[in-house]
Amino acid sequence: SQDPSLPEFKDFTTATEWEKFIASLEQLIEEWRLPNIVSTGPLANVSTGALGGGEWKSRSETVSFASFRMMVTRHYLEGSTKERSEEDQAKEALEETEEYQESLPFAMDDLLSFTNDFPAKAHFLVRWYGIRDFLLITPDMGDDTISTVDRQKMLLGSVCTALRNTNCQLPFFIQMHHPQEKIACGVMCAQGFHCYFNMVKLVHTPKGYDTLNGLLTLFKNKLCNSSFYTHLPVDVSIRFTYMLDDWSFFDLNSIPSHSLDVDQVIKFGDLPMGAGVEPISEFRLMVSWPHLAEDVVNDSIAHSDLVPANAPEWCVTIKYVSGPYCYLENYLGEFETVLSKNESLDLVLGSMLSDDIDPELANVMDRLAEPKVRVPDLAASIMPSDTREKRRRLTDDEILIKFMNYIFIPSIDQETVLSSSGHIDFGDISTALGSQSAEKLEEADEVEKFKEKLRALKTSSKNSIVWRLSLALIEAYHTCGGIEGLALLWVKVVGELRHHFERGYIISSIEPGAPNLGMCLLHQKIQMLNCCIETRNARELRESRKQKKKVPIDRMANCHFKMPPQSENPTEGENSSSDEDFFECSDSTSTSEPVGDDKSEGTPIQSPDDFKTLDDAPLSAEGRSKPFGALKLLSTDEQMWVPVCQQPSPMTEDMLQEQADAILKLASDPECSKMTARLQSASLFSDMESFKAANPGCQLADFVRWFSPRDWTEPIRDEKGEIVKAGELSQRMTIPGNMWQDLWEQARPAPTTRQKRLFDDTKEGEKILHELITMSLSDIANLLFPCIIQCGLEKICESVHKGPRDMIPFMEHLIEKTKQELRMRRPNYKDLIRRMYEAEIGIARAESLRQKLFRKEEPEETESSLKRYLAMKAQESSTVSVEELVLDLLDKPEVEIRGGAKSAVGRAITKLFENAQKAKLEDTTLSTKSRRLPASQQFPTPIGKEFILRTKYPRPSNNSRTGAHRIYAVITGNEFRLAGAFTEDMLFY
Amino acid sequence: MSNRAQGGPGNGATAGKICQFKLVLLGESAVGKSSLVLRFVKGQFHEYQESTIGAAFLTQTVCLDDTTVKFEIWDTAGQERYHSLAPMYYRGAQAAIVVYDLTNPDTFSRAKTWVKELQRQASPNIVIALAGNKADLASKRAVETAEAQAYADENQLLFMETSAKTATNVNDIFLAIAKKLPKNDAANQQGQRLNVAQSAESNQSGGCCK
């Protein structure tokens, strides 16, 4: 229509607003290249995802009618329409006349098509008319609506004109009234047909029109003004929707509950999980008769053939409660809020702390160690009695002791108890699946694999003291008075740690040795405390030996805690048996074993053998460890000895960070390398002193030969063994004023025992304990969270097979994410908890669905064993398919049930509805004790009925060409809606 | 230590992002670790670089397309006595350069043990580069390029022969590491999602009623 060769011509005759509006519509249609649009072929079946599942796109622009702004939007299913190519256009021009007679416009074909009747998810116009590409006008001015008939007619007329002028075949709709009303009217012009779309919406259903028969009468009346025209063949599609949203008929105990019962035994390490409310709000069954001839079924007020059992197609969909309350999420999320609480312990505990806590507080362990004596006075004396509430409180000594026992006394049972409870419990399902035990094993393997992965997290080893500490503290937070309980227990725990530290008791159930930087900070700190304790014990032992064993060595705790032997009778006094074995005194020799590359400070005590060899060495030599190969000292030609050295001070990651920061600060200094070297030279200096002590008469070159052999060049000898070239130090070692020489000169011969301690155990231990007791709540929570997160993840992983299909990759990703996150300085716990919540919801939904669908069939009495066997077999196969259904429901918006009512899944669903019906009936009449309800009563009244009636019929006169006509009717409790599309032939009338 | 968030501050969408990486140098003593770092960071070379005590820390920033990569470099002492300290430097490091002296085969076998240790104990996705230093002393070469290359290929290491003295390949090896480091953490953030959210929203429009 636009020929560029013509000069631009402004047509001043398009003067009225109406004409301008039409022109702008036409312009838009041209711009979007819609006049030549054709379909790409018939739509695929709805189940393979055409209208419902395909990718819908839209494109919008505003147009104005005078000052009334409107939005024109094209909604189209990607790929379902295309622009006609020019060749096609030319070809069609030739065949035009024929075309006109042969086929209907594609939008009309869609109106009559059966393949896309009830899409799961689509625009309402698509749902009602089955169209694939259309335009829609909506007002674009706030609350303005098109509600008057004259406006509607005016717009419809404009649209119609525009469509005709541009020869665009797409249906064009005008949205009427408020968008929520979902009322639109529209028109389509193609091949000389006009198809008018119109709607009726009523609140009450006119009597009789909620049945197929009523609607058929209506449809025929509209078409040919005579309901008696019975030969008009009408094709029908019907869909009924049934809904369950009241789950009260389920046994109460079937919904898992986790009540925080005050008197309940505190279950440490077993985090609560699952939904606290029913996570499924609605269960909908859609049954449809996709393609019926009108005379096949009878559906009138008096009688209806339309019962679910007869429906060939079944479809199920689920609605979920959004953001259901879940135990784990709540448990973790609540605690997460502590992260933002910067209050100090003093502030929280107030006056409680002002009383001197140190001397008494920590003696719980003492009392535990004394068999049978447990005087509950401690906590009561600290807490004013009037603050006691009915809630469980840590002021209750019994409870405090329970907590402290859990934290500080490792129980062997714990490991086994936890791991046994960790097994996946498939309950009824698995018992029915005897043949599937292999699969179950596989799943258990998978869970193990997850746990293995979890072990790689930067937390603490499972059931270590840090693990137990974290879980006990979060439990205290939840059950014993929130932050107060948390603070109180923390103070007690730190007190207990101090007690260990001061008495020289190694803290048990944590790997020995220097802080493992792969573990969480709290883990490292406890390890560090142990290092301090061990070091001091070793030192004191040494000193006590010097005093010729004046001090009995029973204060020496064993370096490596030995698990108490498992009690034969675990129920009897878990305390008493472990208490007695708790502190094993070390054998006097056990710590004085020569320490090779051990983590503890090298013990300078020499074994008797060393003393023997010492005899022929100069008496002044001290602190020898072993001869260093066959090397001889350069000047004295004596055997070179490896000295006993101080091990470098163990460090936790925050200490390392501190040191790194110190070095970092110096990095700006030009003299930095000197400074940083000086900062780190203490260990080298100590080694030099030890070396000097062990090798009297040695020189720097000797030290370098041991310490840094690559800085020494061996002498070159000729064949006779004569030295041709003397051995020499590397040049970098001989630069005047270099640090190594400086240090060597300053170093005095001194064995480790007389050196300045590299590792000041008292100072470091005090530092840690002080830090712990002066922490804010937020710091404490940060220390505890890694283990808590891991425990939560473990809990989820145990149920990983109960979740939706993509649960396993999801968890793998989550664990990977957690791994990264925990290595961050400030992990985003909120995000991790949110992700865990997602998993928890997934599992809860799946479990809830299973519970509903796996209702065990009551065994029908007096059956032969063969019958029972067959029934069991049947149930077995049904279990599999119902499980499939559960997983499908979680994955897809709508799940089609193959075989409908007769399939195993169909039976399970029928049963579900039937049970709900029974429960309802029992409420009113107690007489219905019968096993089965009649088919007509198995289901409640449908909450929605949808009918689609369609036919081809010539209109407006008998001489007209036949066009497509369709009515879509939906009847729900509070709505009766008809959406009609009626075609008129504009050429032959 | 120093488990810093990658991506650092100002992780803007378009504006060049800054990534911070911890890199550690390991290797036998006197193979030229400190010299490599000095060359990379300050462009200097000292014939007699003093033997490192403990570890030294330096930083250097390189630009890579639109990303700024900041290296926090931990230059460790090579003496055996310092071996036990090494884990605290390579722990949490995203990259490591294992250096050997190509005039000395012993340092090459020591490098191999370092690689093994890193593979076993460092973070699983650490980028390891192998540097055969002192390439300027070609006449005294004792480790063949092919041999080292083959070893590097076998263990998926970056490999270059470098010379801190002549600056050959020094910047290159750091750049190669920067390129290999993952910088698109933000893309991973989305990652896997459970169907939970999706199915909740799909419920909105389904169904004929309400």
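Being a predicted model, the structure only gives us computed values, none of them experimental. (Residues numbered from 1 in each chain as written. Chains lettered and ligands numbered in written order. Predicted model: local features only at pLDDT ≥ 70, side-chain atom pairs only at ≥ 80, totals over all residues. Heavy atoms only, no water.)

K.L.:
Tell me what's going on with the overall build of chain A, and back it up with residues and numbers.
P.N.:
Along chain A, the regular secondary structure elements total 33 helices and 21 strands. Within the span of chain A, comprising 989 residues, buried residues form 50% of the whole. For chain A, long-range pairs separated by at least 24 residues make up 75% of all intrachain contacts whose partners lie at least 6 apart in sequence. Roughly 47400 Å² of accessible area belongs to chain A as shown, and the carbon and sulfur atoms make up 52% of that amount. (Helix = DSSP H or I, 4+ residues; strand = E, 2+ residues; numbered from the N terminus. Buried < 20%, exposed > 50% of the residue type's maximum accessible area, 1.4 Å probe, protein only. Contact = heavy atoms within 4.5 Å. Areas by Shrake-Rupley, 256 points an atom, 1.4 Å probe, with all protein chains shown as cover.)

K.L.:
Describe in detail the overall build of chain B, supporting the description with residues and values.
P.N.:
Secondary structure summary: chain B contains 7 helices and 6 strands in total. Helices (α) and strands (β) of chain B occur, in sequence order from the N terminus, as β-α-β-β-α-β-α-β-α-β-α-α-α. Within chain B, the proportion of its 210 residues that are buried is 55%. For chain B, contacts bridging at least 24 residues in sequence account for 71% of all contacts bridging at least 6. Counting every atom, chain B has about 8800 Å² of accessible surface; 48% of that belongs to carbon and sulfur.

K.L.:
Help me get a handle on the nonpolar core, residues and values and all.
P.N.:
The biggest cluster of nonpolar side chains holds 147 residues, and the ones touching the most others in it are Phe335, Leu489, Trp490, Phe703 and Met811 of chain A together with Leu130 of chain B. Top element by residues in this core is helix H29 (residues 777–798) of chain A. It accounts for 13 residues. Residue-level mapping places this core at the junction of two domains, with at least three residues from each of domain 2 (337–509 + 775–828) and domain 3 (590–755) of chain A. (Core = buried A, V, L, I, M, F, W, Y, C linked by side-chain atoms within 4.5 Å. Domains from an automatic or database assignment.)

K.L.:
I'd love a proper account of the sheet that holds strand E1 (residues 18–27) of chain B, names of residues and values included.
P.N.:
All names here are of chain B. Taken together, 6 strands build an open sheet; the order of strands is E2-E3-E1-E4-E5-E6 and the sheet is mixed. Edge positions in the sheet fall to strand E2 (55–64) and strand E6 (158–161), since each of these pairs with one other strand and no more. With strand direction ignored, the average angle separating the axes of adjacent strands in the sheet is 20°. Pairing of E2 with strand E3 (residues 67–76) involves 10 bridges; the strand directions are antiparallel. Paired with Gln60 across the two strands is Phe71, which belongs to E3. Contacts from helix H3 (residues 105–121) reach E1, strand E4 (95–101) and strand E5 (127–133) within the one sheet, and its direction differs from that of E4 by about 165°. (Pairing = 2+ DSSP bridges. Axes fitted to C-alpha atoms, helices over the stretch in contact; angles between N-to-C directions.)

K.L.:
I'd love a proper account of the pattern of salt bridges, names of residues and values included.
P.N.:
Residue and element names in this part refer to chain A. Enumeration over the complete set of coordinates arrives at 47 salt bridges over all chains. Lys451 is the salt-bridge partner of Glu798, the closest N and O atoms lying 3.5 Å from each other. Within this pair, whereas Glu798 is found in helix H29, its partner Lys451 is found in helix H16 (residues 437–455), the two being separated by 347 residues in sequence. In the salt-bridge network here, residues are joined through shared partners; they are Arg127, Arg239, Glu894 and Glu946. (Salt bridge = Lys/Arg side-chain N within 4 Å of Asp/Glu carboxyl O.)

K.L.:
Can you break down the packing of helix H30 (residues 807–823) of chain A against helix H31 (residues 829–853) of chain A residue by residue, with the values?
P.N.:
All names here are of chain A. Relative to each other, H30 and H31 sit at 165°, their axes nearing to 11 Å. Considering their axes alone, H30 and H31 lie roughly antiparallel with respect to each other. Two packed elements cross with a definite hand, and for H30 against H31 that hand is left-handed. In this structure, H30 uses Met807, Phe810, Met811, His813, Leu814, Lys817, Thr818, Glu821 and Leu822 to contact H31, whose residues at the interface are Tyr829, Asp831, Leu832, Arg835, Met836, Glu838, Ala839 and Ile843. Here the residues of the contact of H30 with H31 sort into 10 nonpolar, 2 polar and 5 charged. (Parallel < 35°, antiparallel > 145°, perpendicular 65-115°, else oblique. Left-handed = near helix turned anticlockwise from the far one by under 90°. Nonpolar A, V, L, I, M, F, W, Y, C, P; charged D, E, K, R; others polar.)

K.L.:
Give a detailed account of the packing of aromatic side chains, specifying residues and quantitative values.
P.N.:
Under the counting rule described, the total for this entry stands at 34 aromatic pairs over all chains. Geometry around Tyr320 of chain A places Arg845 of chain A over its ring, the cationic atom sitting 3.7 Å from the centre. (Phe/Tyr/Trp six-rings, centres within 6.5 Å; stacked < 30°, edge-to-face > 60°. Lys NZ or Arg CZ within 6 Å of the ring centre and 35° of its normal.)

K.L.:
Got a sec to walk through helix H17 (residues 465–479) of chain A? Specific residues and values, please.
P.N.:
Residue and element names in this part refer to chain A. For H17, spanning 15 residues, the distance from its first C-alpha to its last is 20 Å, which sits close to the expected 21 Å at 1.5 Å a residue. The buried fraction of H17 amounts to 15 of the 15 residues, a majority that puts the element mostly inside the structure. Positioned one or two residues after H17, Gly481 has a phi angle of 95°, which is positive. (Expected span 1.5 Å × (residues − 1).)

K.L.:
Give a detailed account of the packing of helix H24 (residues 682–694) of chain A against helix H27 (residues 739–746) of chain A, specifying residues and quantitative values.
P.N.:
Any two packed helices are characterised by how steeply their axes cross, that is the angle between the axes, and by the distance between the axes. Residues and elements named next belong to chain A. Relative orientation of the contacting elements H24 and H27 amounts to 50°, with a least axis distance of 9 Å. Judged by the inter-axis angle, H24 sits oblique to H27. Helix-helix and strand crossings are classified by hand; for H24 and H27 the assignment is right-handed. Where H24 abuts H27, its residues Leu684, Phe685, Met688, Phe691 and Lys692 lie against Trp740, Leu743, Trp744, Glu745 and Gln746. Of the residues contributing to the contact of H24 with H27, the split by class is 7 nonpolar, 1 polar and 2 charged.

K.L.:
Just give me the short version of the pairing of strand E7 (residues 183–190) of chain A, but keep the residues and values in it.
P.N.:
All names here are of chain A. With 8 of 8 residues buried, E7 is to be regarded as a mostly interior element. The alternating pattern of E7 places Ile183, Cys185, Val187 and Cys189 on one face and Ala184, Gly186, Met188 and Ala190 on the opposite face, and all of these are buried. The pairing of strand E6 (residues 172–176) with E7 spans 5 bridges and is antiparallel. Paired with Ile174 across the strands is Cys185, a residue of E7. Between the antiparallel neighbours E6 and E7 lie 6 residues, among them His177 with a positive phi of about 55°. Taken together, the 5 bridges between E7 and strand E8 (residues 193–202) define a ladder with antiparallel strand orientation. Bridging from a neighbouring strand, Cys189 pairs with His194 of E8. From the end of E7 to the start of E8, which pair antiparallel, there are 2 residues, and Gln191 there has a positive phi angle of about 50°.

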